[in-house]
Amino acid sequence: MLLAVLIANPEGNILVERFNGVPAEERLHWRSFLVKLGADNLKGIKNEELLVACHKSVYIVYTVLGDVSIYLVGKDNYDELALSEAIFVITSALKDVCGKPPTERLFLDKYGKICLCFDEIVWKGLLENTDKERIKRLIRLKAPTEF
Amino acid sequence: MALVVKKDDDRDEEGEYSPFHGLEKGAVLQEARVFNDPQLDPRRCSQVITKLLYLLNQGESFTKFEATDVFFAVTKLFQSKDLVLRRMVYLMIKELSPSADEVIIVTSSLMKDMNSKTDMYRANAIRVLCRITDGPLLTQIERYLKQAIVDKNPVVASAALVSGIHLLQTNPEIVKRWTNEVQEAVQSRAALVQFHALALLHKIRQNDRLAASKLVTSLTRGTVRSPLAQCLLIRYSSQVIREATVNNQTGDRPFYDYLESCLRHKAEMVIFEAARAITELNDVSSRELTPAITVIQLFLSSSKPVLRFAAVRTLNKVAMTRPLAVANCNIDMESLISDQNRSIATLAITTLLKTGNESSVDRLMKQITSFMSDIADEFKIVVVESIRSLCLKFPLKYRALMSFLSNILREEGGFEYKKAIVDSIVIVIRDIPDAKESGLLHLCEFIEDCEFTYLSTQILHFLGNEGPKTSDPSKYIRYIYNRVILENATVRASAVSTLAKIGAMVDSLKPRIFTLLRRCLYDSDDEVRDRATLYISTLEGDGTVVESDKDVKEFLFGSLDVPLVNLELSLKNYEPSEKPFDVNSVPKEVKSQQLAEKKAAGKRVTGLDAPPAPTSTIDTYEKLLSSIPEFSGFGKLFKSSAPVELTEAETEYAVNAVKHIYDRHVVVQYNCTNTIPEQLLENVSVIVDASEAEQFSEVGVKPLSSLPYNSPGQTFVAFEKREGVTSVGKFSNVLRFIVKEVDPSSEEVDDDGVEDEYQLEDLEVVAADYILKVGVSNFRNAWESMDPDTERVEEYGLGTRESLGEAVSVVMDLLGLQPCEGTEVIPNNARSHTCLLSGIYIGNVKVLVRLSFGIVGHKEVAMKLAVRSDDISVSDAIHEIVGSG
């Protein structure tokens, strides 16, 4: 299960937060844990360079893209390799929607589209679509071209 | 110039100002009224939905009324033909998760979309419907979903399949009816459809081993189109392998060839998954393991941190059981110590600590020292724990490791980190006697500048127990008295107790201790003053507190002979009155004995705050047994076994038994729990039939008067046996009691009871019950210091065994001795192995055993057993145990 997708700005403010199968009372803990993890390790990291950690039986893969930091948390089937696959899809889709690694402002300008992208990539904790071209069409309700 | 202007424009456009700055829920809800406009403005409506999504993603929640309001308004947007808006509407409905009575409003629109000619409407409508639907509605749309699974458009098929995965949790019986369609989808040419179909099909069949095995067989022979699906297949096949048995004739494992072929796949994800699956196979042989380790080794130098992490994490796991198999990767792992990603570096270090040999310890320590300064505490703790294990594995290296621990103890760090170091030093001191003096001095230096009261008091307590046993206890006094001068009241009180302990044990220091204790009589804190007063009069032996020197030691070093929980309860119930609180009134019965034992068994290495489990458990038992008059004359308790379950899990009555061994007696303690709320058991006892244990004769029974629901209690049966003989035998047990009905609501008990019996499993007393597991830090020294004349050597054939490991564990269980120097771990497929064991035989006789195993021919195991002991008859007895086992 892909337990959480979280996107934050450089100050640690949450821009997008989606949890799956994480009890409500644990979400705040996860949020602050991830933001702290980012604050400790993401400084000076290149765009899309992946960082990885594990906490008990849970894996965390995170990175920066432009002004935003992206965190994925998974367990069981979603180990560090599956998460790196999912984060690759997310960063490609974000670059596609924003046209470049986004600033915070650009990210918020495209917020609606970005939410739709997430809806296509991860739905209720399962990886659904992995191809950015297809995602680009799906968020505009256009059928994919390649089947 | 133009360029400069352009840049400024950019900055204006992309300034810090957020488009959602100051967004308020109330205002957005007002704006949502545009959804009701007769002339819909799709662009505006999309913007409002985006704002609503932003609020939801920020953790904002809508009241029931607000959510209903927005939901009804959003449903109006189905009138618009605008594609972007429709897509937003689908998402918004999912986010709002309408309640069952509201869903009806939108069902018809979604059903219409689900049958639409536009594929994308179908896919999205399926996702939304499955998200908000309940059982009855699902039955109505089931037909469409089955069609969708085999839809030629992969987006529609995937939508239905993923919905199926989710619905399987809530409506499994419906989803299981889709098996044929899902099976067809597994053959789909669209990669993602195959991935989702495979996941769903396996979930449907996971409880049916045969079906799961067939699925894996057919797919490993067919075509799997995406790396993701391939990874799933690898996981499913390793599950099948785990449940299947190895072909005994050829030694081949089903699907191993498939896993091995995946090592040559083009996708890294698949290669890695296969390698990891191979390393996790049960009893994996070196031949099977080698190609996997080689592949993982390559990943260690990958440019992708995730692959490096995954590789070193897997090797770390392998190193726990097969350190030698990983040794080839040591050089690559050493270069990872400087990896920028600290998680990778820590894993590399801890793996190296497991795979390194005695000669590499010093070099490793040097590398780790430079690494420690730039990692976070949580990583440091992992390293400290690994170093602790290493120290116990190579006791001769304690100097280097202890000096490393003391160095890091002086550096900055939080409480958990410091506690881990202190715990490690304490464990090393306990296990390696040579390390005691230097270890205690390191702890003394640490408390000179320790900011954690808890750690200071724990160390002082430890110093009080261990300090007097050293060659020169006086050197610790300065450090201890400094605490009295410099620290807070809690630490001062601890220091006073420690001083008193040293005074009690070392007569030559008594006068100096008195002087110091007298100074504490004027302390500003009453607890410190009280302790000083008490200890002075105790040590002076004026008869007001205790009578004899033995009593003094008992008073200072003896632990509280009542369970703390019981004491706390009694103190709470005590009402202040003229009559002083009497500690003897506290019940000594250990209520949650069973639970405490289970916890103790699970936690092997513990530090200061929890002394080693066996000691504390045996202390508790000894106190418990000596408080029962019938058993108090049995002498000193030699050994108490771990609890043996005499009932299956989750039965009406749960009973386990602990065997207490004395020189001439064996007492069986039956821990009973009544799991039926409607019953109260009275006069509970165990009727033992000892016809298969002729060397024992029953001498006493202590029944349990009452056993209420969920409140464990004990009953005992005592047997006599001949002194110095390791009598063995089997007891048949029947639980006998009077059962009374209880009304669980009022807790009223029926007066009338019925006598009843409950059959328990048999309990065996075996030779290993007469042997205590006690390790030695340096086996060779201990062996050579024993009289060679007491040595008895004999060779045995152990017959055909699955592996050498199995033979070793059988003999170790039979003897019940402590394995030393990590020799209990046997590399898989080893052809020979030497196992070193030590312990104390009943009558306090030290025993050392050298077991040399070898495989002769095809899985025939031969063993040479050499024993040395303080008493030659015990050496013979050990051979008898093996001979008769």
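Residues numbered from 1 in each chain as written. Chains lettered and ligands numbered in written order. Predicted model: local features only at pLDDT ≥ 70, side-chain atom pairs only at ≥ 80, totals over all residues. Heavy atoms only, no water.

Per an unreviewed UniProt entry, chain B is named Coatomer subunit gamma, and its organism is Daucus carota subsp. sativus. According to UniProt, the comment filed for chain B under the heading Sequence similarities (unreviewed entry) is "Belongs to the COPG family." UniProt, in the comment section headed Subunit (unreviewed entry), describes chain B in these words: "Oligomeric complex that consists of at least the alpha, beta, beta', gamma, delta, epsilon and zeta subunits." (UniProt positions renumbered as here; feature names shortened; annotations may be inferred.)

Chain A is annotated in an unreviewed UniProt entry as Coatomer subunit zeta of Daucus carota subsp. sativus. Note on chain A: under the UniProt heading Sequence similarities (unreviewed entry), the record states "Belongs to the adaptor complexes small subunit family." In its Function (unreviewed entry) section, UniProt records this for chain A: "The zeta subunit may be involved in regulating the coat assembly and, hence, the rate of biosynthetic protein transport due to its association-dissociation properties with the coatomer complex."

Draft legend 1. Just the overall build of chain B, in detail. Broken down by element type, chain B carries 38 helices and 17 strands. Taking all 885 residues of chain B together, the buried fraction comes to 52%. Taking as baseline every contact in chain B between residues at least 6 positions apart, the subset at least 24 positions apart corresponds to 63%. For chain B, the exposed surface amounts to about 42,900 Å²; the carbon and sulfur share of it is 50%. (Helix = DSSP H or I, 4+ residues; strand = E, 2+ residues; numbered from the N terminus. Buried < 20%, exposed > 50% of the residue type's maximum accessible area, 1.4 Å probe, protein only. Contact = heavy atoms within 4.5 Å. Areas by Shrake-Rupley, 256 points an atom, 1.4 Å probe, with all protein chains shown as cover.)

Draft legend 2. Region of the structure containing the pairing of strand S5 (residues 679-692) of chain B. All names here are of chain B. The pairing of S5 with strand S9 (residues 729-743) spans ten bridges and is classified as antiparallel. Note that in S9 the partner of Leu680 across the bridge is Lys740. With three bridges connecting them, S5 and strand S7 (residues 704-707) associate as antiparallel partners. What sits directly across from Val684, in S7, is Leu704. (Pairing = 2+ DSSP bridges.)

Draft legend 3. Representation of the pairing of S9 of chain B in the model. All names here are of chain B. With three bridges connecting them, S9 and strand S11 (residues 763-765) associate as antiparallel partners. The residue of S11 that forms the bridge with Phe731 is Leu763. Where S9 hands over to strand S10 (residues 748-759), the hairpin turn is made up of four residues, of which Glu747 adopts a positive phi near 60°.

Draft legend 4. Seen up close, the sheet that holds strand S2 (residues 14-19) of chain A. All names here are of chain A. Here we have five strands laid out as an open sheet, ordered S2-S1-S5-S4-S3, and antiparallel in their pairing. If you trace the sheet from one side to the other, it starts and ends with S2 and strand S3 (51-55), each paired once. Strand-to-strand twist in this sheet, taken as the mean axis angle between neighbours without regard to direction, amounts to 15°. Both S3 and strand S4 (residues 58-65) contribute to a ladder of five bridges, which runs antiparallel. Each bridged residue has a counterpart across the sheet, and for Leu51 the counterpart in S4 is Tyr62. (Axes fitted to C-alpha atoms, helices over the stretch in contact; angles between N-to-C directions.)

Draft legend 5. Looking closely at the packing of helix H23 (residues 377-393) of chain B against helix H24 (residues 398-410) of chain B. Residue and element names in this part refer to chain B. Their axes nearest at 10 Å, the elements H23 and H24 cross at an angle of 155°. In terms of orientation, H23 and H24 fall into the roughly antiparallel class. Note that H23 runs across H24; the crossing there is left-handed. In this structure, H23 contributes Val384, Ile387, Leu390 and Cys391 to the contact, and H24 contributes Tyr398, Leu401, Phe404, Leu405 and Ile408. Residue composition of the contact of H23 with H24, by class: nine nonpolar, no polar and no charged. (Parallel < 35°, antiparallel > 145°, perpendicular 65-115°, else oblique. Left-handed = near helix turned anticlockwise from the far one by under 90°. Nonpolar A, V, L, I, M, F, W, Y, C, P; charged D, E, K, R; others polar.)

Draft legend 6. Inspection of the interface of chain B and chain A at higher detail. In this assembly, 54 residues from chain B lie in contact with 46 residues from chain A. Together, the buried faces of chain B and chain A total about 4,700 Å²; carbon and sulfur atoms form 61% of this surface. By the criterion of area lost to chain A, the three top residues of chain B are Asn57, Arg87 and Val306 of chain B, representing 14% of everything that side buries. Joining chain B to chain A, the criterion identifies ten salt bridges. One can count 16 residue pairs in polar contact (both at pLDDT 80 or more) joining chain B with chain A. For the side of chain B that touches chain A, the secondary structure elements donating two or more residues are helix H3 (42-57), helix H5 (83-96), helix H7 (119-132), helix H9 (154-170), helix H12 (191-205), helix H14 (227-243), helix H16 (268-279) and helix H18 (305-321) of chain B. (Buried area = accessible area lost by both parts, 1.4 Å probe. Salt bridge = Lys/Arg side-chain N within 4 Å of Asp/Glu carboxyl O. Polar contact = N/O pair within 3.5 Å; in protein donor to acceptor, adjacent residues only side chain to side chain.)

Draft legend 7. Molecular detail of helix H26 (residues 436-448) of chain B. Residues and elements named next belong to chain B. The end-to-end C-alpha distance of H26 is 19 Å, a good match for the 18 Å that 13 residues give at a rise of 1.5 Å each. Residues of H26 that are buried include every one of Lys436, Gly439, Leu440, His442, Leu443, Cys444, Phe446 and Ile447, and no others. Its buried side turned inward, H26 meets H24, helix H25 (415-431), helix H27 (453-466) and helix H28 (474-486). (Expected span 1.5 Å × (residues − 1).)

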